[in-house]
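Each chain is listed here by its residues.
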Amino acid sequence: MSKSLSLFFAVVSVLLMCATAISMSFNAWLAVLFGILTLFMIGGGFIVKARLRRRNENKG
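Keep in mind it's a predicted model, so treat the numbers as computed, not measured. (Residues numbered from 1 in each chain as written. Predicted model: local features only at pLDDT ≥ 70, side-chain atom pairs only at ≥ 80, totals over all residues. Heavy atoms only, no water.)

### A look at the overall build of the protein
- Each helix and strand in the protein was counted, giving two helices and zero strands.
- For 60 residues, the compact-globule estimate of 2.2 N^0.38 gives 10 Å, and the protein exceeds it by more than 25% at 15 Å.
- Overall, the protein is about 50 × 20 × 5 Å in size when its C-alpha atoms are taken along their principal axes.
- Of the roughly 4,800 Å² of accessible surface on the protein, a fraction of 72% belongs to carbon and sulfur atoms. (Helix = DSSP H or I, 4+ residues; strand = E, 2+ residues; numbered from the N terminus. Rg over C-alpha atoms; globule rule 2.2 N^0.38 Å. Areas by Shrake-Rupley, 256 points an atom, 1.4 Å probe, with all protein chains shown as cover.)

### Looking at a nonpolar patch on the surface
- Taken together, Val14, Met17, Ile42 and Phe46 make up a surface patch of nonpolar side chains, about 380 Å² in accessible area.
- Structurally, the position occupied by Val14 is in helix α1 (residues 3-23).
- For Val14, a relative accessible area of 45% puts it in the partly exposed group. (Patch = residues over 30% accessible without salt bridge, like charges linked within 9 Å, V, L, I, M, F, W, Y side chains within 5 Å. Salt bridge = Lys/Arg side-chain N within 4 Å of Asp/Glu carboxyl O. Buried < 20%, exposed > 50% of the residue type's maximum accessible area, 1.4 Å probe, protein only.)

### Considering helix α2 (residues 28-59)
- For α2, spanning 32 residues, the distance from its first C-alpha to its last is 47 Å, which sits close to the expected 46 Å at 1.5 Å a residue.
- For α2, the full list of buried residues reads Ala31, Thr38, Met41 and Gly45.
- In the core, the buried residues of α2 are packed alongside α1.
- Residue Asn27 occupies the N-cap position of α2, its side-chain oxygen lying 3.2 Å from the main-chain nitrogen of Trp29. (Expected span 1.5 Å × (residues − 1). Contact = heavy atoms within 4.5 Å. Polar contact = N/O pair within 3.5 Å; in protein donor to acceptor, adjacent residues only side chain to side chain.)

Treat this as a map of the structure, not an account of what it does.
As structure tokens, then:
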């Protein structure tokens, strides 16, 4: 995975985690929504990393 793509997933995940923490004091359902989005973003980063690694192994 390229450094810029890794940075993108890291920054967006941290922003979603911050949104989850902030929304906990306002609305529990919004906090749950942001928490689920955070998990999907982190999981998506692992999926993209695995697919790119698998594609690079097949080329080489």
